[in-house]
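Below, each chain spelled out in residue letters.
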Amino acid sequence: MHTALSLSVFLAAQNPINHYWHKLTDRTFTGIYHANAFDLAMMIPYFIVLLVLAAYGLHRYWLVYDYFAYSKNVPPAPPPVANWPRVTVQLPIFNERYVIERLVEAVSRFDYPPDLLDVQVLDDSTDETCGVARACVERHAAQGMPIVYIHRANREGYKAGALENGLKTAKGEFVAIFDADFLPEPDFLRRTIPYFMNPDGGAKIGMVQTRWTYLNSDYSLLTNVETILLDGHFVVEHGARSRRGTFFNFNGTAGVWRRKAIDDAGGWEHDTLTEDTDLSYRSQLKGWKFLYLPQIECASELPVDMNGFKAQQARWAKGLMQTAKKILPKVWKSDAPWHVKTEAFFHLTGNISYPLMILLSTMLLPAMIVRFYQGWVQMLVIDLPLFLASTCSISSFYLVAQKELRPKTWWRTFFYMPFVMATGIGISVRNAQAVIEALLGKKSEFARTPKFSIEGKQGTFAKKSYKNKAGWMPYAEVLLGLYFSLTIVYAVSNENYATVPFLLLFVWGYLYTGSMSLGQTYFARLRFGVNAPEMRPATSGAPGF
């Protein structure tokens, strides 16, 4: 018995978990360590960055709270319309030869009175799209569709310039806008226009935004991640802001504007890369009300190549920061309530988290070295709350969105969350560059998101034109991934195991986005997921969730 007891004690002492716990709770050197000037120079910026990121993380929790707290503040169904108004449909395109015919075909199926409809194909293309689009318009016009083709020889103002140019000849009291990769349902106008015509407050509505769905959600791991990211925006962000009565933005497509609201706000301006958000805030500052209608869905095509996805995200990040510089002073000077101003600040400046994420990335290893002797109590009391606020809020934000949309299968999102968080980290280099350029006032060209007419799991983009170039950025991302691999080696060698899962997100995020950008032709052949693509027509008028 004595031998067995001694053996048990010996084995317990050698247990790695017991050894690690003993190291964490060992108080032998308590009080010996004192921070010096170098340590403070490292730790003060480290905690400032964590605090700012935690503030934006807490804002995500607040959006989730608003989403549920104001769940009853949804617009009621409008009464039937007796006299339908005239509507102009604008289809802005630039080098979209793969999808323009699909878009025009979808609009041709609108069940709106043809004599009250005029469709504009606003083409800024510089390739064979011009011929394809012109022939498509002529074919549908010959069949009786009220459609015209308008081509510009220059891209002045990019998409905003094209929309502004189209308004010169637009006849509609209302303007519906669809990007080239969208497929609106035939009853889209009959379901959205009645909200403007409602005798009970409809005259004050300046814009109606519908919810995006996706033709190719399950095409690849990337498109599954994009679906989760966009669903978070359209369900929680738009839902919370619209229900609370704060400002929210038109998404550039799949929405309808009152022409008077556009003119009253000063029209389309092209001094930012997010002309839709810019006009949205100017219009709402003029007193116009916006409606978000998540029950009305509009199918779209997600970017399938990593470089196209990163170009899209960088354009949005830079454009929102440009809009923040332009619009926030006007918001603060306005008579809007404090909660509207606060939400506008967090909304428009949220992308500042990307350069802060890069800064945090570079400080993690030095901070880990400096804090090696500080003890676990401080890390538990200080680091854990900041980590939960800045990181775990992301998971809750997107999980809520999926639970609202897919109550029976939302739990599958747990498997994708590490990839969602890693992708967010991976694109931080490109987005950080975009945000810094916006803060410095550096202008850049409107980088379009290429579309390849890919639906479901079928099709490929490898042999098609319009792919964005990788440039030097993926090499920086790969180097960062290798740097964090060394950081993991250091953490393991010092038995700092608690940080390893967090560091693995950085390794996977940077290596995944960097390697996908450099080798996307190969990676495009990989397929993930088994579900059918999400394209859920909602012709019954019932909510989509």
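No experiment lies behind these values; they were computed from the predicted model shown.

## Quick look at helix α8 (residues 221-244)
Taking 1.5 Å as the rise per residue, α8 with 24 residues should run 34 Å; its terminal C-alpha atoms sit 34 Å apart, in good agreement. At His238, α8 shows its largest bend, some 25°. Within α8, 22 of the 24 residues are buried, which leaves it mostly tucked inside the rest of the structure. Looking at the residues trailing α8, positive phi occurs at Gly245, about 90°.

## Brief notes about the pairing of strand β6 (residues 205-214)
Counting buried residues in β6 gives ten out of ten residues, a clear majority hidden from the surface. Here β6 runs beside strand β8 (residues 289-300); their pairing, made up of nine bridges, is parallel. When the bridges of β8 are listed, Gln209 appears paired with Tyr292. Judged from the three bridges that link them, β6 and strand β7 (residues 255-258) form a sheet pairing that is antiparallel. In the strand pairing of β7, Val208 is matched with Val256.

## Let's talk about the side chain of Asp276
Its location among the elements puts Asp276 in helix α10 (residues 275-285). Although Asp276 is buried, it makes no salt bridge; Lys159 carries the closest opposite charge, 5.4 Å away.

## A closer look at the sheet that holds strand β2 (residues 117-123)
Pairing in this open sheet of eight strands is mixed, and the strands run β3-β2-β1-β4-β7-β6-β8-β5 from one edge to the other. Strand pairing shows two members of the sheet lacking a second neighbour, β3 (147-151) and β5 (182-183), which therefore form its edges. One ladder, built from two bridges, connects β5 with β8; its direction is antiparallel. Bridging across to β8, Leu183 finds its partner in Ala299. This element, helix α6 (residues 158-167), spans β1 (87-93), β2, β3 and β4 (174-177) of the sheet and lies at about 145° to β1.

## Quick notes on helix α12 (residues 338-349)
For α12, built from twelve residues, the straight-helix expectation of 16 Å at 1.5 Å per residue is met to within 8% by its first-to-last C-alpha distance of 17 Å. Taken together, the buried positions of α12 are His339, Val340, Lys341, Glu343, Ala344, His347, Leu348 and Thr349.

## Focus on a nonpolar patch on the surface
A contiguous nonpolar surface patch, about 270 Å² in accessible area, is contributed by Leu40, Ile44 and Ile48. Checked against the element boundaries, Ile48 lands in helix α3 (residues 37-69).

## Overview of the environment of Tyr512
Position of Tyr512 relative to the elements: it lies in helix α18 (residues 500-518). Residue classification places Tyr512 among the buried positions, given a relative accessible area of 8%. For the pair Tyr512 and Val478, spaced 34 residues apart in the sequence, the C-alpha separation amounts to 8.2 Å. Dropping the residues within four chain positions of it, Tyr512 is found in contact with Leu221, Leu222, Met306 and Thr423.

## Considering the pattern of salt bridges
Taken as a whole and assessed by the stated rule, the structure comprises 24 salt bridges. The partner of Arg97 in a salt bridge is Glu128, and the shortest N-O contact between them spans 2.9 Å. Placement of the pair is Arg97 in the loop between β1 and α4 (100-108) and Glu128 in the loop between β2 and α5 (129-142), with a sequence separation of 31 residues. Residue classification places Arg97 among the buried positions, given a relative accessible area of 19%. Residue Glu128 is classed as partly exposed on the basis of its relative accessible area of 43%.

Scoring rules and cut-offs
- Within each chain, residues carry numbers counting from 1 in the order of the written sequence.
- Where totals are concerned, whole chains, interfaces and linings use all residues; where local detail is concerned, this predicted model gives features only for residues with pLDDT of at least 70, and gives and counts side-chain atom pairs only at 80 or more.
- Hydrogens are left out, water is left out, and the side-chain values use all remaining heavy atoms of the structure.
- Helix and strand assignments come from DSSP, with helices taken as H or I runs of at least 4 residues and strands as E runs of at least 2, each series counted from the N terminus.
- What a helix is expected to span follows from its residue count: subtract one and scale by 1.5 Å.
- Fitting axes to the seven residues that end at a residue and to the seven that start at it, the angle between those axes gives the bend at that residue.
- Each residue is assigned to one of three classes by its accessible area relative to the maximum for its type, calculated with a 1.4 Å probe on protein chains only: buried under 20%, partly exposed between the two thresholds, exposed over 50%.
- Whether two strands pair depends on DSSP finding at least two bridges between them.
- For this count, His and the chain ends are skipped, Lys and Arg are scored as positive, and Asp and Glu as negative.
- A pair is scored as a salt bridge if a Lys or Arg side-chain nitrogen falls within 4 Å of a carboxyl oxygen belonging to Asp or Glu.
- We call two residues in contact when some of their heavy atoms are within 4.5 Å.
- Note on definitions: angles span 0 to 180 degrees between N-to-C directions of axes, and those axes are lines fitted to C-alpha atoms, for helices only across the stretch in contact.
- Patch members must show over 30% relative accessible area and no salt bridge, and they are joined within 9 Å when carrying like charges or within 5 Å when they are nonpolar side chains of Val, Leu, Ile, Met, Phe, Trp or Tyr.
- Accessible surface area values rest on a Shrake-Rupley calculation with a 1.4 Å probe, where residue burial reflects the displayed protein chains alone.

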